[in-house]
Amino acid sequence: MRKRSLISAAAALAAVGGATFAYASLVERNLFTLRRFDVPVLDPDAEPLRILHLSDLHMMPDQRRKQEWVAGLIGTDPDLVIVTGDNMASPYAVPGVLRALEPLLDVPGAFVFGSNDYTGPVFKNPLQYLLPDREYVHGVELPYDDLRAAFTDAGWADLNNARTVLKAGGRSIELVGVDDPHVERDDYPSVAGPISAGVDLHLGVTHTPASRVLEPMAADGFELLLAGHTHGGQVCVPGYGALTTNCDLPTRMAKGLHRWPGSDSWLHVSAGLGTHPTAPIRFACRPEASILTLIPR
C-alpha cells in the first residue's frame, strides 16, 4: 500500500513538473508584456518624456512573433529608445533584430552592447547561474559590427564607453554608457565626470547592472540608470522572486524601478524579451519591454 502511494506521488510530481516546464517553455516565454513606470526626475512644470527601454532580445532568425511584437511598440509613441544589449543569439540574427527595431529607428535612440552581441551562447547547465564566480565561456563570434553600423547609420548613439548629448522630445539629454561589465569591457573612468549643466536630463546606460558602474554613475549625478542582463531572474519563485541576477545586484532589484541606494538616482532594470537558446523557459517572469514616463519630481 505504501509503495503504491509513493508511486502515485512520484507520478503526480512528474506530471506537475512536466506541465510546469511545458508552460514555461511554450507559453510564458512568448507572453510579451509592456510594463509602465512613472519616474519623477524632471524639473517642476516640465512636460513628461517617454522612454522605451528594450533589452535582451536574444534574437533567433525565425522568431517572427517576437519581431512583430517589438515592431508594434512604435505605437507607444516614445520620445527616446534605449536598447541595453544582448540583441543576438545567432550569427544570422541581424536581419531579425532590424526587422523588430526598424519602425523604432526613426525615433532618437541610443544603445550599449552585451556579451551576447559579441559572441554567441554555448550550452551550459542552468544551475551554473547560481554560482557567483563561474567562468564565462564565449561561443561563436557574432556580427556586432554590422549591427553597430545599422544602429549608428540610423542616427542612434553608440554609448559603449562613450558620452554624448542628444535631442529628444524637445529636450537636451546627456547620456553616458559603458560596454558590458559582465565580460570586463567596461571603462567608466574614461567617460566619468559630473553631469553637464544646462542639460535637461542625464541618463546612465549599461547592459549589466554591476555596482562598480552604477555607483560612479549615480555619484556623478545621473538621475536615471538603465540596465538589462538579469532577465528578471528568468525563473522565479512565486511569492519570493528571483533566485539570481547573474551579477552583484541584489535579487530584490532583479527587475523594475528602484532607488539606487545612497543616492537620488533611479535604476530601471529590464527583465528583457528573450532567453538563452539552450534554456528557452521563463516562469513567473514574463518577457517584457518598458515605457518609462519621466515626470516632474
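The structure we're discussing is the one just above.
What counts as what
Residues numbered from 1 in each chain as written. Predicted model: local features only at pLDDT ≥ 70, side-chain atom pairs only at ≥ 80, totals over all residues. Heavy atoms only, no water. Salt bridge = Lys/Arg side-chain N within 4 Å of Asp/Glu carboxyl O. Helix = DSSP H or I, 4+ residues; strand = E, 2+ residues; numbered from the N terminus. Buried < 20%, exposed > 50% of the residue type's maximum accessible area, 1.4 Å probe, protein only. Axes fitted to C-alpha atoms, helices over the stretch in contact; angles between N-to-C directions. Parallel < 35°, antiparallel > 145°, perpendicular 65-115°, else oblique. Left-handed = near helix turned anticlockwise from the far one by under 90°. Contact = heavy atoms within 4.5 Å. Nonpolar A, V, L, I, M, F, W, Y, C, P; charged D, E, K, R; others polar. Pairing = 2+ DSSP bridges.

Some points on the pattern of salt bridges
And then number 1: Tallying each qualifying case throughout the model produces nine salt bridges.
And then number 2: Among the ionic pairs, Glu288 bridges to Arg35, the shortest N-O distance being 3.0 Å. Of this pair, Glu288 sits in strand β14 (residues 288–296) while Arg35 sits in strand β1 (residues 33–42), and the two are 253 residues apart along the sequence.
And then number 3: By relative accessible area, which is 28% here, Arg35 ends up partly exposed.
And then number 4: Here Arg297 makes a salt bridge to Glu223, at a shortest N to O gap of 3.8 Å. Here Glu223 lies in the loop between α6 (211–219) and β9 (224–227) and Arg297 lies in the segment after β14, a separation of 74 residues in the sequence.
And then number 5: Several salt bridges converge on common partners, so that one network encompasses Asp43, Glu223 and Arg297.

Re the packing of helix α3 (residues 94–101) against helix α5 (residues 144–153)
And then number 1: Close contact between α3 and α5 brings their axes to 10 Å; oriented N to C, the two are set at 25°. Here α3 is positioned roughly parallel relative to α5, judged by the angle of their axes. α5 is crossed by α3, and the crossing has right-handed handedness. Listed contacts from α5 to Val94, Val97, Leu98 and Leu101 of α3 are Leu147, Ala150 and Phe151.
And then number 2: Of the residues belonging to the contact of α3 with α5, the class tally is seven nonpolar, no polar and no charged.

Focus on the pairing of strand β6 (residues 162–168)
And then number 1: For β6 and strand β7 (residues 171–177), the ladder comprises seven bridges, and the chain directions are antiparallel. Considered in β7, the bridge of Ala162 is made with Gly177.
And then number 2: Linking two consecutive strands that pair antiparallel, namely β6 and β7, is a turn of two residues; a positive phi of about 60° is found at Gly169 within it.

Thoughts on the sheet that holds strand β8 (residues 201–205)
And then number 1: Sheet architecture is open: six strands sit in the order β6-β7-β8-β9-β13-β12, paired in mixed fashion. At either end of the open sheet lies a strand with only one pairing partner, and these are β6 and β12 (256–259). On average, each strand axis in the sheet is inclined to that of its neighbour by 25°, with strand direction left out of account.
And then number 2: Where β7 lies against β8, five bridges are found, and the strand directions are parallel.

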